[in-house]
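# Overview (structure and organization)
What follows is the residue order along each chain.
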Amino acid sequence: MTARTTRRTTATKSRTAAVGAIAVAGALLLTACGDQTGSGTGTTETKGTKSSTAPLFDKLPKKYQDAGVIKVGTDAAYAPMEYEEGGKIVGIDPDIAAALGKELGVEFKFTSGTFDGLISSLNTGRQDIVMSAMSDTKARQEGLDDKGKKTGKGVDFVDYFTSGVSLLVKKGNPEKIESLDDLCGKKVAVQRGTIYETTFKDQAEKCEKDDKGKLTIEAFDTDAEAQTRVKSGGAVADLNDYPVAAHIAKTAGGGNDFEVTGGQIGAGPFGIAVNKDNPQLRDALKDALNAIIKNGEYEKVLEKWDVKNSAVTEATINAGK
């Protein structure tokens, strides 16, 4: 199981089903990150100005050199990857884009829309790239829907981030939960209809098969309710995408309510989606990503958001499965 094949590959009940989830910390979160349908209209531009003296400016296609802007489609309802705050789109993706912009000498202008319309906006030319915690999958590369039907020509991905799912437990981890197997004989809380509920159900079957005690699952309409259950001690763990779980642990109760445990389950790559007819832009983004990995700016962004475990060591193209 990989995070991409379970969470964002197609319109499975992952990020879609998580619409409306509100973190205990008060941040608007979608607790899964497949084909999200949350909407938004905010825009933001990264810091920086057009600069022909930037190290990789000459790598860009001329249209972006002349415009000084790369238009980015996103769904800004998925903290901490991208979300709206004070009328601006902020988060991990905008911060990485800002670092890329310094290398390329252009601004990245983010516009928020619905997740399931982002690739269409790329193919129609409304956006130049998509950067929205989007899983790089073979289906998206080949333009296939969840039934394997060809719906478009597909996209290329520049992979820049790795994420799986992680267990969120009460601060201090009083039950000493380190893996899914440690949940046998205990009670967990989760948002109903998400891939995380499916993961817990699969583990419950494994617990029963291994005769290690019944895993009881309490499912709620929102992840906020599941978090509250864990915080109160009524359940030992919730399950979320790693960056979301890390953000909740950092912000909820001033960082005193939860912690992430057990590493990442089923990790896979997030990619910047680029039109297949635009290989020069794709390769420029890859070079820029490698540059910020080498100069340390990439690591600074991940440190800022406490997601260093999601770092890649080099840029890859279409590495998703």
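Another aspect to go through is the nonpolar core. Among the nonpolar cores identified, the biggest contains 58 residues, and Ile96 and Phe108 are the most heavily contacted of them. One finds Leu180, Leu183, Val190 and Leu215 within the second-largest nonpolar core, a separate group that totals 19 residues.

Considering all chains together, one arrives at one disulfide under this definition. Two residues, Cys184 and Cys207, share a disulfide whose sulfurs are 2.0 Å apart. Since a negative S-S torsion denotes a left-handed disulfide, the Cys184-Cys207 link at about -80 degrees is left-handed. Taken together, the residues span a long stretch of sequence, with Cys184 in the loop between strand S8 (155-170) and strand S9 (187-191) and Cys207 in helix H6 (residues 195-209) at a distance of 23 residues. In this structure, Cys184 and Cys207 share a single accessibility class: buried.

This paragraph deals with the sheet that holds strand S5 (residues 88-90). Each strand in a sheet pairs with another by means of backbone hydrogen bonds, the pair being arranged parallel or else antiparallel. Strand order across the open sheet formed by three strands is S3-S4-S5, with antiparallel pairing between neighbours. Looking at which strands have only one partner, the edges of the open sheet turn out to be strand S3 (77-78) and S5. As paired strands, S3 and strand S4 (residues 82-85) are joined by two bridges and run antiparallel to one another. Bridged to Ala77 within S4 is Tyr83.

A few words now on the packing of helix H3 (residues 92-104) against helix H10 (residues 297-304). Angle between the axes and distance between the axes are the two parameters that describe a pair of packed helices. Across the interface, H3 lies against H10 with an axial gap of 10 Å and an inter-helix angle of 160 degrees. Comparing their axes, H10 and H3 come out roughly antiparallel. Handedness of the crossing formed by H3 with H10: right-handed. Together, Ile92, Asp95, Ile96 and Ala99 of H3 and Glu297, Tyr298, Val301, Leu302 and Lys304 of H10 make up the contact between the two elements. A per-class count over the contact of H3 with H10 returns six nonpolar, no polar and three charged.

All right, on to the packing of aromatic side chains then. Taken as a whole, this structure holds three aromatic pairs when the rule is applied. An angle of 85 degrees between the planes, with centres 6.3 Å apart, marks the rings of Tyr83 and Trp305 as edge-to-face. Taken together, the residues span a long stretch of sequence, with Tyr83 in strand S4 and Trp305 in the loop between H10 and strand S13 (316-317) at a distance of 222 residues. The burial state of Tyr83 is the same as that of Trp305; both residues are buried. Ring centres 5.3 Å apart and planes at 20 degrees place the aromatic pair Phe161 and Phe270 in the stacked group. In this pair, Phe161 sits in strand S8 while Phe270 sits in strand S12 (residues 258-275), placing the two residues 109 residues apart along the sequence. Phe270 matches Phe161 in its accessibility class, with the two residues each being buried. Aromatic ring contacts, followed pair by pair, group Tyr160, Phe161 and Phe270 into a single cluster.

Let us look at the confidence of the model for the protein chain. On average, residues of the protein chain carry a pLDDT of 87, and 84% of them reach 70 or more. This stretch, residues 1-40, has a pLDDT under 50; its non-local contacts, to residues over four places away or in other chains, come to 171 contacts.

What follows covers a negative patch on the surface. Together, Asp202, Glu205, Glu208 and Asp211 make up a negatively charged patch on the protein surface. The topology assignment puts Asp211 in the loop between H6 and strand S10 (216-220). On the basis of relative accessibility, which here comes to 69%, the residue Asp211 falls in the exposed class.

Moving on, we get to the environment of Asp128. Within the secondary structure, Asp128 is located in the loop between helix H4 (118-123) and strand S7 (129-130). Taking the C-alpha atoms as reference points, Asp128 and Asn275, separated by 147 residues in sequence, lie 7.7 Å from one another. Among all residues touching Asp128, those that are not within four sequence positions of it are Lys63, Tyr64, Val69, Ile70, Lys71, Leu122, Ala273 and Leu281. In terms of polar contacts, Asp128 uses its side chain to reach the backbone amide nitrogen of Lys71, at 2.7 Å.

Taking 1.5 Å as the rise per residue, helix H9 (residues 279-295) with 17 residues should run 24 Å; its terminal C-alpha atoms sit 24 Å apart, in good agreement. Of the positions making up H9, those classed as buried are Leu281, Arg282, Ala284, Leu285, Ala288, Leu289 and Ile292. Taken around the axis of H9, the buried residues stretch over an arc of 160 degrees, which confines them to a single face. Where H9 ends, the next residue or the one after it, Gly296, has phi of about 90 degrees, a positive value.

Here the focus is the pairing of S10. Both S9 and S10 contribute to a ladder of five bridges, which runs parallel. Of the residues in S10, the one forming a bridge with Val188 is Ile217. At this point the chain moves from S9, through H6, to the parallel S10, and the crossover so formed is right-handed.

Reading the values: rules and limits
Residues numbered from 1 in each chain as written. Predicted model: local features only at pLDDT ≥ 70, side-chain atom pairs only at ≥ 80, totals over all residues. Heavy atoms only, no water. Core = buried A, V, L, I, M, F, W, Y, C linked by side-chain atoms within 4.5 Å. Buried < 20%, exposed > 50% of the residue type's maximum accessible area, 1.4 Å probe, protein only. Disulfide = S-S within 2.5 Å. Helix = DSSP H or I, 4+ residues; strand = E, 2+ residues; numbered from the N terminus. Pairing = 2+ DSSP bridges. Axes fitted to C-alpha atoms, helices over the stretch in contact; angles between N-to-C directions. Parallel < 35°, antiparallel > 145°, perpendicular 65-115°, else oblique. Left-handed = near helix turned anticlockwise from the far one by under 90°. Contact = heavy atoms within 4.5 Å. Nonpolar A, V, L, I, M, F, W, Y, C, P; charged D, E, K, R; others polar. Phe/Tyr/Trp six-rings, centres within 6.5 Å; stacked < 30°, edge-to-face > 60°. pLDDT = per-residue confidence, 0-100. Patch = residues over 30% accessible without salt bridge, like charges linked within 9 Å, V, L, I, M, F, W, Y side chains within 5 Å. Areas by Shrake-Rupley, 256 points an atom, 1.4 Å probe, with all protein chains shown as cover. Salt bridge = Lys/Arg side-chain N within 4 Å of Asp/Glu carboxyl O. Lys, Arg positive; Asp, Glu negative; His and termini not counted. Charge placed at Lys NZ, Arg CZ, Asp CG, Glu CD. Polar contact = N/O pair within 3.5 Å; in protein donor to acceptor, adjacent residues only side chain to side chain. Expected span 1.5 Å × (residues − 1). Arc of directions from axis to C-beta. Right-handed = clockwise from strand over helix to strand, strands pointing away.

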